[in-house]
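# Structure assessment
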Amino acid sequence: MIGPQAPSMSLTTPFLIFTQKKIETERQKTVSEFQQLRQFLQKQEQLLLAQIEKLEKEIVKRQNENVPKFSEEISRLSELISELEGKCQKPESEFLQDIRSTLSRCEKGKFQQPMQISPEQEKRLSDFSQKTIALMETLRTFKGAAMGSRRGNWDEPLRLWERRALAKWFIIR
């Protein structure tokens, strides 16, 4: 009886070539998918940063609009304080006679503190926070999927990651 025969070169070579081409194709697909993912993430990053910058400018503008109101109120209060200090130097009878008019002016000029940030701006800021949380969760899930791939189980974690990522992305938009 003749021992086991080595596989013939004619069968092995086409199989190896086919396998190598398949591996190279998968490598190229992987590189391409990650490039697309990077491009997508860079565009989203730029978009979100531009929106945050726009919101920041709106908030700064609103705060700058409030500066004259604060300055006016500070001036009014300084005048009132100076007037009260002057009246404190007068005899008690004069001081008590003028106190009603002074108190009346204090009550009339109650300062309405301007809002630093509008409710709409507050909501937009909150939305950005929610998007950041969703991005962190997606990254954590993606890292978990990548760890699963190191154990040779790509399919299920990636499908799960894709579903979660897409769901979260569209929900927070």
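Conventions we followed
- Residues numbered from 1 in each chain as written.
- Predicted model: local features only at pLDDT ≥ 70, side-chain atom pairs only at ≥ 80, totals over all residues.
- Heavy atoms only, no water.
- Helix = DSSP H or I, 4+ residues; strand = E, 2+ residues; numbered from the N terminus.
- Buried < 20%, exposed > 50% of the residue type's maximum accessible area, 1.4 Å probe, protein only.
- Contact = heavy atoms within 4.5 Å.
- Areas by Shrake-Rupley, 256 points an atom, 1.4 Å probe, with all protein chains shown as cover.
- Salt bridge = Lys/Arg side-chain N within 4 Å of Asp/Glu carboxyl O.
- pLDDT = per-residue confidence, 0-100.

## Points about the overall build of the protein chain
- Scanning the protein chain for helices and strands turns up four helices and zero strands.
- Counting from the amino terminus, helix and strand elements in the protein chain follow one another as α-α-α-α.
- Among the 173 residues that make up the protein chain, the fraction classed as buried is 15%.
- Across the protein chain, the fraction of contacts at a sequence separation of at least 24, relative to all contacts at a separation of at least 6, is 72%.
- By element, 59% of the accessible surface of the protein chain is carried by carbon and sulfur atoms, the whole surface being about 14,400 Å².

## Thoughts on the pattern of salt bridges
- Scanning all chains against the criterion turns up seven salt bridges.
- E24 is the partner of R27 in a salt bridge, and the nearest nitrogen-oxygen pair spans 2.7 Å. Here R27 and its partner E24 are both found in helix α1 (residues 9-88), three residues apart, which amounts to about one turn of the helix.
- For E24, a relative accessible area of 31% translates into the label partly exposed.
- Note that R124 and E120 form a salt bridge whose closest N and O atoms lie 3.2 Å from each other. Separated by four residues within a single helix, R124 and E120 lie in helix α3 (residues 119-150), roughly one turn from each other.

## Considering the confidence of the model for the protein chain
- Averaged over every residue, the pLDDT of the protein chain is 77; residues scoring 70 or more account for 72%.
- Averaged pLDDT values for the elements of the protein chain fall to 55 in helix α4 (residues 155-172) and rise to 86 in α1.

## Let's talk about the side chain of Q121
- You can see Q121 is positioned in helix α3.
- Look at Q121 and you get buried, because its relative accessible area is 6%.
- Not counting residues up to four positions away in its chain, the partners in contact with Q121 are L55, E58, I59 and R62.

## Here we look at the environment of L84
- For L84, the location among the structural elements is in helix α1.
- Sequence separation between L84 and I99 is 15 residues, and the spatial gap between their C-alpha atoms is 8.8 Å.

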